[in-house]
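Here are the chains, one letter per residue:
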Amino acid sequence: MFILSTQSPTGSNGTLTYIGTRGDEFAYRHLRPHHELGRAKFSYYSSRDKQSMADIIADADIVINLIGKYYDTKALENTDSFPFLNYKVSTSVWEANVEVPKMIAELCTEMQVDNLIHVSSAAAGNVDSASEWARSKAEGEKEVLKAYPWATIVRPTQMFGHEDKLLNLFAKMAERFPVIPLVDGGHALTQPVYVDDVARTINRIVDDPEMFEGRRVDCFGPQDYSYAELAKFVYDITEQEPTLSDVPAEVVKYGANVLQYEGNPMLTPDMVDLWTEDYLPEMTAEKYEAQKQLGKVFTMKDLGVEATPIEKMAFKYLYRFRKGGHFILAEGYH
């Protein structure tokens, strides 16, 4: 829902948008202003109730799948033996990233939906990744294309924006811990993309979906960074002063094994695995441009969307982590 909560891909072009939710529609009413009056309708569904999903898809010309999960949802259950409680997995990463997209694609085929846009991840390009999440994204793409071969696959790199789990993660960790571990020194590279740019890209696809049938669109930022560079960048803005420590991945996992039991975990063992690998687009910008038209992998640039630099947007939502806020540095406000 990160993309949808930031900027609806279909909010301002007169499209009637059905938004599937698993809870009370009031939890998502902040999305209504993204749409023209009366053009957003919230519909309840369960990913384990095929008919409820079919009801949402029934009148659709285009289906956009934004469902995904980076951790297993767990809940306590009673057991007969000591300690009489056990954590059970209620929704797994594999179910959310593979089985649900597969069901959506099958429904789109059965119901003869004109177009399906499946939002995946650049991490799906590494089918041998140490991260289960990345492997599940790759398998999810495979299952979608198997059930609906003319689906459009959108592959963003890690996204940044007001509700991101990238830059905000570093700032939130500094609020809780005096020492911030850099997984294997934080040397792995990532090329973050602004979430609004991804939303605009999806909007361009919606405007002319036939052009992108069976094609892939890669979304990435203008520059790559190491995780160590991103951490220092964040703390330059927030003026937090944690100690950055080079810690082996296997040691970081000890802490992640505990944090993974939070309701919305800050860190999981699988995230640690993901951060040991480069999280980059499949090709360099030059190689994307040098492609032949037949079978071409599109980029945001091909759709007229210019990648926003991370330096341009980060301050707008990271300054709140400063002690005293933004105005503590301005005369007359303290």
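Coordinates for the structure precede this section.
An account of the accompanying structure is given in this report.

Topic: the state of the cysteines
Here's step 1: One pass over the structure, following the stated rule, counts 0 disulfides.
Here's step 2: Cys219 supplies the cysteine sulfur nearest to Cys108, a cysteine that is in no disulfide, at a spacing of 20 Å.
Here's step 3: Given a relative accessible area of 1%, Cys108 falls into the buried group.
Here's step 4: Judged by its relative accessible area of 0%, Cys219 is buried.

A closer look at unusual backbone geometry
Here's step 1: Here the bond from Phe82 into Pro83 is cis, since omega is 5 degrees, no more than 30 degrees from zero.
Here's step 2: Tracing the backbone shows Pro83 in the loop between strand E4 (73–78) and strand E5 (85–91).
Here's step 3: Positive phi outside glycine occurs at Asp184, with the angle close to 50 degrees.
Here's step 4: Along the chain, Asp184 turns up in the loop between strand E9 (179–183) and strand E10 (189–190).
Here's step 5: Here the phi dihedral of Glu239 falls at roughly 60 degrees; this positive angle occurs in a residue that is not glycine.
Here's step 6: Within the element layout of this structure, Glu239 appears in the loop between helix H7 (227–238) and strand E14 (243–247).

Considering the pattern of salt bridges
Here's step 1: What the rule picks out here adds up to 13 salt bridges.
Here's step 2: With a shortest N-O distance of 2.8 Å, Lys301 and Glu289 are connected by a salt bridge. Linking Lys301 in the loop between strand E15 (298–299) and helix H11 (310–318) with Glu289 in helix H10 (residues 285–289), this pair joins segments that are 12 residues apart in sequence. Across this residue pair, the class does not change: Lys301 and Glu289 are exposed.
Here's step 3: Each of Glu141, Arg155, Arg216, Asp218 and Glu282 takes part in salt bridges that share partners, so that together they form one network.

Topic: the environment of Glu241
Here's step 1: Relative to the elements of secondary structure, Glu241 occurs in the loop between H7 and E14.
Here's step 2: For Glu241, a relative accessible area of 78% gives the class exposed.
Here's step 3: Between the alpha carbons of Glu241 and Val179 there is a distance of 9.2 Å; along the sequence they are 62 residues apart.

Focus: a nonpolar patch on the surface
Here's step 1: A surface patch of nonpolar side chains, about 400 Å² in accessible area, is lined by Leu76, Leu85, Tyr87 and Tyr261.
Here's step 2: By relative accessible area, Leu85 is classed as partly exposed at 44%.

Structural notes on the side chain of Ser120
Here's step 1: Tracing the chain through its elements places Ser120 in the loop between strand E6 (115–119) and helix H4 (132–147).
Here's step 2: Assessed through its relative accessible area of 5%, Ser120 is described here as buried.
Here's step 3: At 2.8 Å, the side chain of Ser120 and the side chain of Glu141 are in polar contact.
Here's step 4: In contact with Ser120, other than residues within four places in its own chain, are Lys137, Glu141, Ile153, Val154, Arg155 and Pro156.

Section: the nonpolar core
Here's step 1: In terms of nonpolar packing, the biggest core is built from 63 residues, with Trp133, Leu167, Trp275 and Leu318 touching the most fellow members.
Here's step 2: Sorting elements by how many residues they give to this core places H7 first, with 7 residues.
Here's step 3: Aside from chain neighbours lying at most four places away, what touches Leu167 is Phe160, Leu230, Phe233, Val234, Ile310, Ala314, Tyr317 and Leu318.
Here's step 4: Membership of the second largest hydrophobic core comes to 19 residues, among which are Tyr45, Ile56, Leu107 and Val113.

Some remarks on the packing of aromatic side chains
Each aromatic ring pair is described using two quantities: the centre-to-centre distance and the angle formed by the ring planes.
Here's step 1: Counted according to the given criterion, the structure contains 11 aromatic pairs.
Here's step 2: With centroids separated by 6.1 Å and ring planes inclined at 85 degrees, the aromatic side chains of Phe82 and Phe84 adopt a geometry described as edge-to-face.
Here's step 3: With relative accessibility at 72%, the residue Phe82 sits in the exposed group.
Here's step 4: Considering the side-chain rings of Tyr87 and Tyr261, the 4.8 Å spacing of their centres and the 40 degrees angle between planes classify their relative orientation as tilted. Of this pair, Tyr87 sits in strand E5 while Tyr261 sits in the loop between helix H8 (249–259) and helix H9 (269–274), and the two are 174 residues apart along the sequence.
Here's step 5: You can call Tyr87 partly exposed: its relative accessible area is 38%.
Here's step 6: One aromatic cluster is present, formed by Phe170, Tyr227 and Trp275 through successive ring pairs.
Here's step 7: Across from the ring centre of Tyr71, 4.6 Å away, lies the NZ or CZ of Lys69, which sits over that ring.

What counts, and where the lines are drawn
- Along each chain, numbering runs from 1 in the same order as the chain's sequence is written.
- Totals for whole chains, interfaces and linings use every residue, but because this is a predicted model, local features are given only for residues with pLDDT of at least 70 and side-chain atom pairs only at 80 or more, for both listing and counting.
- Only hydrogens and water are set aside; all other atoms, that is, all heavy atoms of the structure, feed into the side-chain values.
- Whenever a pair of cysteine sulfur atoms sits within 2.5 Å, that pair is classed as a disulfide.
- Here the term buried applies to any residue with accessible area under 20% of the maximum for its type, exposed to any over 50%, and partly exposed to those in between, with areas from a 1.4 Å probe on protein chains only.
- For helices the rule is a DSSP run of H or I covering at least 4 residues; for strands it is a run of E covering at least 2, with both sets numbered from the N terminus onward.
- Any Lys or Arg side-chain nitrogen located within 4 Å of an Asp or Glu carboxyl oxygen qualifies as a salt bridge.
- Like-charged residues are merged into a patch within 9 Å and nonpolar side chains (Val, Leu, Ile, Met, Phe, Trp, Tyr) within 5 Å, provided each residue has over 30% relative accessible area and no salt bridge.
- Here the Shrake-Rupley method, with its probe set to 1.4 Å, supplies the accessible areas, and only the displayed protein chains count as covering residues.
- Under the rule applied, a polar contact is a pair of N or O atoms within 3.5 Å (in protein, one hydrogen donor and one hydrogen acceptor; residues adjacent in sequence only if both atoms are side-chain atoms).
- Residue contacts are counted whenever heavy atoms from the two residues lie within 4.5 Å of one another.
- Side-chain atoms within 4.5 Å are what join buried Ala, Val, Leu, Ile, Met, Phe, Trp, Tyr and Cys residues into a set we call a nonpolar core.
- In this analysis, rings of Phe, Tyr and Trp, with Trp reduced to its six-membered ring, are considered paired at centre separations within 6.5 Å, and the interplanar angle assigns stacked below 30 degrees, edge-to-face beyond 60, and tilted for intermediate values.
- Over a ring means this: the NZ of a Lys or the CZ of an Arg is within 6 Å of the ring centre and within 35 degrees of the ring normal.

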